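Coordinates in review
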Amino acid sequence: MGKVCVFFAEGYEEIEALTVVDLLRRAGIETEMVSVTGDCMVTGSHGIAVRMDRIFEEADFCGADMLVLPGGMPGTRNLEAFGPLMELLESFYRDGRAIAAICAAPGILGRRGMLKGKRACAYPEFEDQLEGAVVSDRPAEIAGNMVTGRGMGCAIDFGLAIIEKLLGRAEAEALADKIVYGHYTG
């Protein structure tokens, strides 16, 4: 297993981002928090500042197995406005590498045509941006190389779905049991 890069922009949704980082690290997956702001301290939509592992320009994405886009506003807009990240996302998509997004962020994938024909979910107000997708109201969806999640209340399901995608269902279920989370349905 290589690594997962979780991207942070000013205004990210703290629970969606940090829950995923926590769960992936508990599962033994190398997880790197990457700032797209040029600064290692990034503040979420609720005023919580977190120190990143590195800034985008210093990161090496060659060994990454998955890119993760947390939601939140204006975090999602700020992620999408960062051209180098969008270029990296397009490269991962072209190469069939794994991408995950939650809440408003699946709209980024939808607007780029990455969800066509796939089951996907997003925060209800952003479902219309899942262009070409089969829209789901499940907490998280795994569809080929894409993992999507609905929102903050689904952050654990989303993180476990990423683990299922990378390590298998048994590993995701084992971690759900370990953290006493009995709702994971995969």
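All of the points below concern the structure found in this document. Quick caveat, the model's predicted, so the values are computed rather than measured. (Residues numbered from 1 in each chain as written. Predicted model: local features only at pLDDT ≥ 70, side-chain atom pairs only at ≥ 80, totals over all residues. Heavy atoms only, no water.)

Some words on the environment of Asn 145
Our working definition: What counts as a helix is a DSSP run of H or I of at least four residues, what counts as a strand is a run of E of at least two, and both are numbered from the N terminus. Here, two residues are considered to be in contact whenever any of their heavy atoms come within 4.5 Å of each other. Distance and chemistry together define a polar contact, namely a pair of N or O atoms within 3.5 Å, with one atom able to donate a hydrogen and the other to accept it when in protein, and with adjacent residues in sequence counting only for side-chain atoms on both sides.
Counting through the fold element by element, Asn 145 comes out in the loop between strand E10 (140-143) and strand E11 (146-149). Along the chain, Asn 145 and Gly 96 lie 49 residues apart, while their C-alpha atoms are 6.5 Å from each other. For Asn 145, the residues in contact, after removing those within four places along its chain, are Gly 96, Arg 97, Ala 98, Ile 99, Lys 118 and Lys 165. A distance of 3.1 Å separates a polar atom in the side chain of Asn 145 from a polar atom in the side chain of Lys 118.

Describing the packing of helix H1 (residues 14-26) against helix H5 (residues 155-167)
A packed helix pair is summarised by two numbers, namely the angle formed by the two axes and the spacing between the axes. Short version of the rule: Only C-alpha atoms enter the line fits that serve as axes; for helices the fit covers just the stretch in contact. Angles between N-to-C directions range over 0 to 180 degrees. Roughly parallel means an angle under 35 degrees; roughly antiparallel means over 145; roughly perpendicular covers 65 to 115; every other angle is labelled oblique. The handedness criterion is simple: a crossing whose near helix is rotated anticlockwise from the far helix by less than a right angle is left-handed, and one whose near helix is rotated clockwise is right-handed. Ten residue types, Ala, Val, Leu, Ile, Met, Phe, Trp, Tyr, Cys and Pro, are classed as nonpolar, four, Asp, Glu, Lys and Arg, as charged, and the remainder, Gly among them, as polar.
At a minimum axis distance of 9 Å, the contact between H1 and H5 shows a crossing angle of 40 degrees. Judged by the inter-axis angle, H1 sits oblique to H5. Considering only the axes of H1 and H5, their crossing is right-handed. Contacts between H1 and H5 involve Ile 15, Glu 16, Thr 19, Val 20, Leu 23 and Leu 24 on the former and, on the latter, Ala 155, Ile 156, Phe 158, Gly 159, Leu 160, Ile 162 and Ile 163. A class-by-class count of the residues in the contact of H1 with H5 yields 10 nonpolar, 2 polar and 1 charged.

Here we look at the packing of aromatic side chains
The test is simple: Between rings of Phe, Tyr and Trp, where Trp is taken as its six-membered ring, a pair exists when centres lie within 6.5 Å; planes separated by under 30 degrees are stacked, by over 60 edge-to-face, and by other angles tilted. Under the scheme applied here, a residue whose accessible area is under 20% of the maximum for its type counts as buried, over 50% as exposed, and between as partly exposed, the area being computed with a 1.4 Å probe on protein chains only. A positively charged side chain is recorded as over a ring if its NZ (Lys) or CZ (Arg) lies within 6 Å of the ring centre. The angle to the ring normal must also be within 35 degrees.
Under the defined criterion, the tally for this structure stands at 6 aromatic pairs. Ring centres 4.8 Å apart and planes at 75 degrees place the aromatic pair Phe 8 and Tyr 12 in the edge-to-face group. Taken as a pair, Phe 8 and Tyr 12 share a single burial class, namely buried. Pairing Tyr 123 with Phe 126 gives two aromatic rings, centres 6.4 Å apart and planes at 50 degrees, and the pair type is tilted. Assessed through its relative accessible area of 15%, Phe 126 is described here as buried. Members of the aromatic cluster, joined through ring pairs, are Phe 7, Phe 56, Phe 61 and Phe 82. Arg 97 extends its terminal NZ or CZ atom over the ring of Phe 92, reaching a point 3.7 Å from the ring centre.

Considering H1
Basically, it comes down to this: Here the expected length of a helix is defined as 1.5 Å per residue gap, with one fewer gap than residues.
Its 13 residues give H1 an end-to-end C-alpha distance of 18 Å, which sits within 8% of 18 Å, the value for a rise of 1.5 Å per residue. Contacts from the buried residues of H1 go to strand E1 (3-8), strand E2 (30-35), strand E6 (64-69), strand E7 (98-102), H5 and helix H6 (169-178). Its side-chain oxygen 2.7 Å from the backbone nitrogen of Ile 15, Glu 13 forms the N-cap of H1.

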